[in-house]
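What follows is the residue order along each chain.
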Amino acid sequence: TVLDKIIITISGDRYYVINNVIQFGYQLVGDNVYDFGTDGKQKTEPLNKLYVVIGGNTYYVINNIIVKNYYIINDEVIDFGDDGVKRDTILDKRYIIIGGNTYYVINNIIVKNYYIIDNEVIDFGDDGVKRDTTLDKTIVKVGNDNYYVINNVIQTGNQLVGDKIYDFGTDGKQKTEPLDK
């Protein structure tokens, strides 16, 4: 009998066997990754939030399970495909949905807080998740600049804000302190 791609238990210790040979190191078993020591025994510590390389492929593992498709690690969106193998996909200036949440990604990094897309100020919050916030008739700080927005759309030129007039350049950035009426 050939034991192939199977975990066996001997005297309470678990081993992974391929073609009757006990395996060592990280092993992919279905969608799970386990670490087998130099003696072939499965280590008991869970593999959590770490990269592992198996057969030349890089995987990201959370609680011994490989991550698949798009996943965010340290604000970076990484493509692990349907098989969990890390890819070098470049995601730039596009929306992406992960876990039911919408993000905007530039060079694989999620945008956070207020951000300008197509002359509109969008709220992505501190976690990068797109919100349906309506910004109307208010000055909003984006990065180091202030913008006046009406229904999220950036306004330009002289704008009456409250009882003061402000000058917003052709790029929508506030150019001056309030002007006299």
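Presented here is a report on the structure given in the accompanying data block. (Residues numbered from 1 in each chain as written. Predicted model: local features only at pLDDT ≥ 70, side-chain atom pairs only at ≥ 80, totals over all residues. Heavy atoms only, no water.)

1. Points about the pairing of strand β14 (residues 114-117)
Okay, so step 1: Direction of pairing for β14 relative to strand β15 (residues 120-123): antiparallel, over a ladder of four bridges. Bridge assignment links Y114 to a residue of β15, and that residue is D123.
Okay, so step 2: In this antiparallel pair of consecutive strands, β14 and β15, the connection spans two residues, and D118 shows a positive phi of 50°. (Pairing = 2+ DSSP bridges. Helix = DSSP H or I, 4+ residues; strand = E, 2+ residues; numbered from the N terminus.)

2. Brief notes about the pattern of salt bridges
Okay, so step 1: In the structure shown here, the tally under the stated rule is nine salt bridges.
Okay, so step 2: Notably, a salt bridge pairs K43 with D35, separated by 3.5 Å at the nearest N-O pair.
Okay, so step 3: Looking at K43, the relative accessible area reads 39%, which means it is partly exposed.
Okay, so step 4: Residue class for D35 comes out buried when judged on its relative accessible area of 15%. (Salt bridge = Lys/Arg side-chain N within 4 Å of Asp/Glu carboxyl O. Buried < 20%, exposed > 50% of the residue type's maximum accessible area, 1.4 Å probe, protein only.)

3. Some points on the environment of V161
Okay, so step 1: For V161, the position within the fold is in strand β19 (residues 157-161).
Okay, so step 2: Between the C-alpha atom of V161 and that of Y148, which follows or precedes it by 13 residues, the distance is 8.2 Å.
Okay, so step 3: Beyond its immediate chain neighbours, meaning those up to four positions away, V161 contacts I139, Y148, Y166 and F168. (Contact = heavy atoms within 4.5 Å.)

4. Focus on unusual backbone geometry
Okay, so step 1: With a phi close to 70°, N108 is a non-glycine residue in the positive phi region.
Okay, so step 2: Residue position: N108 is located in the loop between β12 (101-106) and β13 (109-110).
Okay, so step 3: On the basis of relative accessibility, which here comes to 7%, the residue N108 falls in the buried class.
Okay, so step 4: For K137, which is not glycine, the phi torsion reads 55° and is therefore positive.
Okay, so step 5: Mapping K137 onto the fold places it in the loop between β15 and β16 (138-142).

5. Quick word on the packing of aromatic side chains
Okay, so step 1: Evaluated as defined, the whole model comprises eleven aromatic pairs.
Okay, so step 2: Grouped by ring-pair contacts, the aromatic residues Y51, Y60, Y71 and F80 constitute a single cluster.
Okay, so step 3: Against the face of Y34 rests R14, its NZ or CZ located 5.9 Å from the ring centre. (Phe/Tyr/Trp six-rings, centres within 6.5 Å; stacked < 30°, edge-to-face > 60°. Lys NZ or Arg CZ within 6 Å of the ring centre and 35° of its normal.)

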